[in-house]
Amino acid sequence: MIVTVVGNPRAASRTYGAAVAAAEAVAARLGHDGPGEVVDLAVLAPHLLAPGTHAGVEEAAELLSRATVAVLASPTYKATYTGLLKAFLDRLPPNALASTAALPVLVMGHPRHALAVEVHFRPLLVELGAFVPTPGLALLEPELPGAEPIGRWAEQVAPQIDAWERGRLQPRS
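Source: prediction; values computed, not measured.

## A look at the sheet that holds strand β3 (residues 69-75)
1) Next: Overall, parallel pairing links the five strands, which are arranged β2-β1-β3-β4-β5 in an open sheet. The outermost strands of the open sheet, each flanked by one partner alone, are β2 (37-40) and β5 (137-140). Each strand axis lies, on average, 15° off the axis of its neighbour in the sheet, ignoring direction.
2) Next: Looking at chain direction, strand β1 (residues 2-6) and β3 are connected through five bridges and run parallel. Residue pairing across strands places Val3 opposite Ala70, the latter belonging to β3.
3) Next: Sitting on the sheet, helix α5 (residues 116-127) touches β3, β4 (101-108) and β5, and the angle it makes with β4 is about 145°.

Okay, structure coming up:
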């Protein structure tokens, strides 16, 4: 199952569109049906820092923890992902993504932020136990909707995910 998590504070943002396009591109190359489930954190934002639990946040965290492939997308704020995305991921228990191939996607206004996807975003996903194929996707705003760069990126990461999935399913000796 593919799950896409969008960490833009604005609902139905350009980041949302890029994330869904990335999930569709990867799904097509892996032979999955459609991009799967989408969690738009803008809808859950008022509840992420509130005390206690919220059913929508808990359901989104559970959905992500069951994903085989997760596309996690954010606009680039201060050369990294948003606090909204971090607040959501901080709610996950250790190794919550241990059975997940996680694909980081950052939408950025300037090419100088291109390394943020590898330097800042990747370590967060690895800390949660995810397998993170190389490279993450760094999309410049002028490239949006991004069909061409997303397609090139999906061609690079899909074989890595496929090999990882096959390796997980085969018995270890």
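This is not the end of the story, as more comes after the structure.
## So, the pattern of salt bridges
Side chains that differ in sign of charge can pair as their charged atoms come close.
1) Next: By the definition in use, this model includes seven salt bridges.
2) Next: Taking the shortest distance from any N to any O, the salt bridge between Asp90 and Lys86 comes out at 2.5 Å.
3) Next: On the basis of relative accessibility, which here comes to 29%, the residue Lys86 falls in the partly exposed class.
4) Next: For Glu118, the salt bridge goes to Arg122, with nearest N and O atoms at 2.6 Å. Taken together, the positions of Glu118 and Arg122, both in helix α5 and four residues apart, correspond to about one turn of that helix.
5) Next: Residue Arg122 is classed as buried on the basis of its relative accessible area, which comes to 15%.

Cut-offs applied
Residues numbered from 1 in each chain as written. Predicted model: local features only at pLDDT ≥ 70, side-chain atom pairs only at ≥ 80, totals over all residues. Heavy atoms only, no water. Pairing = 2+ DSSP bridges. Helix = DSSP H or I, 4+ residues; strand = E, 2+ residues; numbered from the N terminus. Axes fitted to C-alpha atoms, helices over the stretch in contact; angles between N-to-C directions. Contact = heavy atoms within 4.5 Å. Salt bridge = Lys/Arg side-chain N within 4 Å of Asp/Glu carboxyl O. Buried < 20%, exposed > 50% of the residue type's maximum accessible area, 1.4 Å probe, protein only.

From the geometry alone we can't say anything about function, so treat these as descriptive.
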